[in-house]
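Summary of the model geometry
Here are the chains, one letter per residue:
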Amino acid sequence: ACRSGPDAPLAVSSAAAPEEPRPVRLGIMGCGSIARKVARSMLLVPAADVAAVASRSEGKARLFAADNGLRSGTRIHGSYEALLDDPDVDAVYMPLPTSLHVKWATAAAERGKHLLLEKPTAPCAADLEPILAACEANGVQFMDSTMWMHHPRTAKMRQLVADQDTIGDVRFDLDVAYGVLRIMLHAFI
């Protein structure tokens, strides 16, 4: 008799093991300071390959690639259009100024490129709509670059905070929050 479900034994096949999926080939559109931090993080992810970098100048893109330890085969583009037209780019990380997101994010989606869009994703909710519509119409994934919200540690933290047996009754103190905010602002001034 055959069993199925979570308790069923795994089937063993004599066929060769499936190949590892190829890494997602990322293109970085823009060479600002946040892009430097994210590019270096991308190098640590086995399932990612920084395939290309684009800036408004080829020289700036080349310098960015060299300064951030990108592999020698990383393609350098002197325009954003060239990056979007690169057939070897699956997804685009876009750390451009927010005012440029609608134009370039919709253009990327229309060319079938998945998007990792730096925050804030749009100047207002109404400007986010065409980006999401372009992604949906072209079957591409959209993700904002608010990494903290998507990290497994955040889910674990929420779970622990919600467990009153572990942590007790969590309350919000506006005076404490204001003090923390002032300290944080002082650190950046």
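This text follows the structure it describes.
These remarks concern the structure in this document. Remember, predicted model here, so these are calculated numbers, not experimental data.

Observations regarding a nonpolar patch on the surface
Where nonpolar side chains cluster on the molecular surface, the patch consists of Met157, Val161 and Ile167 and spans about 240 Å² of accessible area. Tracing the sequence through the fold places Ile167 in helix 8 (residues 164-167).

Digging into the pairing of strand 4 (residues 91-94)
Across the two faces of strand 4 the burial is the same, with Ala91 and Tyr93 and Val92 and Met94 all buried. Where strand 4 meets strand 5 (residues 114-117), four bridges bridge the pair, whose relative direction is parallel. Directly across from Val92, in strand 5, lies its bridge partner Leu115.

Considering the sheet that holds strand 6 (residues 142-144)
With respect to topology, six strands assemble into an open sheet ordered 3-2-1-4-5-6, the strand pairing being parallel. Each of the sheet's edge strands pairs with one partner strand only, and the pair in question is strand 3 (75-77) and strand 6. The average undirected angle you get between the axes of adjacent strands in this sheet is 25°. Packing against the sheet, helix 2 (residues 58-67) makes contact with strand 1 (24-29), strand 2 (48-54) and strand 3, and its axis sits at approximately 145° to strand 3. Against the sheet, helix 4 (residues 101-110) contacts strand 1, strand 4 and strand 5, and its axis sits at roughly 170° relative to strand 4.

Let's talk about the nonpolar core
In terms of nonpolar packing, the biggest core is built from 21 residues, with Met29, Leu83, Leu84, Val92, Met94, Trp104 and Leu115 touching the most fellow members. Where this core is concerned, the elements lending two or more residues are strand 2, helix 3 (80-85), strand 4, helix 4, strand 5 and helix 5 (125-137). Looking at this core element by element, the count peaks at five residues for helix 4. Here Leu83 is in contact with Gly27, Ile28, Met29, Ala52, Val53, Ala54, His77, Val89, Val92 and Lys113, once residues within four sequence places are set aside.

With respect to the pattern of salt bridges
In this structure the tally under the stated criterion is nine salt bridges. For Arg71, the salt bridge goes to Asp49, with nearest N and O atoms at 2.9 Å. Placement of Arg71 in the loop between helix 2 and strand 3 and of Asp49 in strand 2 is noted, with a sequence separation of 22 residues between them. Salt-bridge contacts for Asp85 lead to Arg111; the nearest nitrogen and oxygen are separated by 2.8 Å. Here Arg111 lies in the loop between helix 4 and strand 5 and Asp85 lies in helix 3, a separation of 26 residues in the sequence. A relative accessible area of 51% places Asp85 in the exposed class. Its relative accessible area of 38% is what places Arg111 among the partly exposed residues. Each of Arg22, Arg25, Asp88 and Asp90 takes part in salt bridges that share partners, so that together they form one network.

What counts and how
Residues numbered from 1 in each chain as written. Predicted model: local features only at pLDDT ≥ 70, side-chain atom pairs only at ≥ 80, totals over all residues. Heavy atoms only, no water. Patch = residues over 30% accessible without salt bridge, like charges linked within 9 Å, V, L, I, M, F, W, Y side chains within 5 Å. Areas by Shrake-Rupley, 256 points an atom, 1.4 Å probe, with all protein chains shown as cover. Salt bridge = Lys/Arg side-chain N within 4 Å of Asp/Glu carboxyl O. Helix = DSSP H or I, 4+ residues; strand = E, 2+ residues; numbered from the N terminus. Buried < 20%, exposed > 50% of the residue type's maximum accessible area, 1.4 Å probe, protein only. Pairing = 2+ DSSP bridges. Axes fitted to C-alpha atoms, helices over the stretch in contact; angles between N-to-C directions. Contact = heavy atoms within 4.5 Å. Core = buried A, V, L, I, M, F, W, Y, C linked by side-chain atoms within 4.5 Å.

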